[in-house]
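# Observations on the model geometry
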Amino acid sequence: MRHLFLVLSLLLAAAPAALAQPDAGPGMPPGMASRLAAQRASAVQPGLYSAGDHDSFTLEPYGANKYLLRFVDNPENFVLTMERGSLGAKALKYDTGATALRVSIWGGMTLYTQDAPQGLPATFQNDVPAPAPLAISANELTTAFGDEASHLVYVQNIALKFSADPAVLAADAETRGRAFDALTNAAMGIERFIAAQPSGRAVLSHRINSVKVAEGGKPTIAISGQTLLVSFVPGEGHEGHASSLAIQMELSKLLSVSPRDMATK
């Protein structure tokens, strides 16, 4: 009886572990199935990363299946959408659909840029605090218009006038902060477009002489006369304005210029 009781006790103790073990499927060891299940549920680690000799960036969660990517030498916040791949791998993509980061099942991260389309291994460095939302005054926003115009004249030798809809200037400080983000993304998108196209500067200066930021129903750009209209949605945060990559891509369509490679940073 004692022997029978001992055997039953061992069987009952092992039952929960057996039930908890995921179905390994044909040809897959049970231990591998457990690790895959754990990795699928795990989140991408936020923080400061370094990749290669020159690229450093921060990554932070931004809602369900989204992350904010910011390069240390660039003020732009890119909203990345996470897509799950086979065997638990994850791809984080720009609003253009291009892959910015890929995370393997074991947690290894690869950064893809224009200079390194084959990918660079990224290494976690440290935790970083989340940045506070940008809030600026009407005067600061107006000054930014002049700064962007002067920068494009100096660096790209192209004269554009920047402005905002009066309703934007009269809005609250956080809305003006979102307008500022839309403005700077538009300016960087213009620079990307010019840099990627041999004829980009001539085509753009012939078609556009001003850039105007205004609230809209969705983040987009359009051409009205010789004005590039940049729409943003304040209530949607960083997703409420197009990235500089998306603006570069849209400019190539609006100005009927075939893009070279506009997929990545």
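As the structure is a prediction and not an experimental result, all values here were calculated from the model.

Before going further, it helps to examine helix α7 (residues 244-254). Along α7, the positions that sit buried rather than exposed are Ser-244, Leu-245, Ala-246, Ile-247, Gln-248, Leu-251 and Ser-252. Turning to α7, the residues buried within the fold contact β4 (78-84), α5 (173-196), α6 (200-207), β11 (220-224) and β12 (227-232). Two residues or fewer after α7 comes Ser-256, characterised by a positive phi angle close to 55 degrees.

So, about unusual backbone geometry. Although it is not a glycine, Asn-65 sits at a positive phi angle of roughly 60 degrees. Of note in the backbone geometry, Asn-157 takes a positive phi value of approximately 55 degrees without being a glycine. Here Asn-157 falls in the exposed class, since its relative accessible area comes to 64%.

On to the packing of α5 against α7, then. The description of two helices packed together rests on the angle between their axes and the distance between the axes. The interhelical angle for the contact between α5 and α7, taken along N-to-C directions, is 55 degrees, at an axis separation of 7 Å. Compared by their axis directions, α5 and α7 come out oblique. The hand of the α5/α7 crossing is right-handed. Where α5 approaches α7, its residues Asn-185, Ala-186, Met-188, Gly-189, Ile-190, Arg-192, Phe-193 and Ala-196 are matched on the opposing element by Ser-244, Leu-245, Ile-247, Gln-248, Leu-251 and Ser-252. Classifying every residue of the contact of α5 with α7 by side-chain character gives eight nonpolar, five polar and one charged.

Where α5 meets α6, the closest approach of the two axes is 7 Å, and the angle between their N-to-C directions is 130 degrees. The orientation of α5 with respect to α6, classified from their angle, is oblique. Of the residues in α6, those in contact with Ile-190, Phe-193 and Ile-194 of α5 are Gly-200, Arg-201 and Leu-204. Across the contact of α5 with α6, the residue classes break down as four nonpolar, one polar and one charged.

We now examine the packing of aromatic side chains. What the rule picks out here adds up to five aromatic pairs. Ring centres of Phe-78 and Tyr-94 lie 5.2 Å apart, and the angle between their planes is 75 degrees; on these two criteria the pair is classed as edge-to-face. On the criterion of sequence distance, the pair formed by Phe-78 in strand β4 and Tyr-94 in the loop between β5 (90-93) and β6 (99-103) is long-range, its members being 16 residues apart. Like Tyr-94, Phe-78 is buried.

What counts as what
Residues numbered from 1 in each chain as written. Predicted model: local features only at pLDDT ≥ 70, side-chain atom pairs only at ≥ 80, totals over all residues. Heavy atoms only, no water. Buried < 20%, exposed > 50% of the residue type's maximum accessible area, 1.4 Å probe, protein only. Helix = DSSP H or I, 4+ residues; strand = E, 2+ residues; numbered from the N terminus. Contact = heavy atoms within 4.5 Å. Axes fitted to C-alpha atoms, helices over the stretch in contact; angles between N-to-C directions. Parallel < 35°, antiparallel > 145°, perpendicular 65-115°, else oblique. Left-handed = near helix turned anticlockwise from the far one by under 90°. Nonpolar A, V, L, I, M, F, W, Y, C, P; charged D, E, K, R; others polar. Phe/Tyr/Trp six-rings, centres within 6.5 Å; stacked < 30°, edge-to-face > 60°.

Keep in mind these values describe shape, not function.
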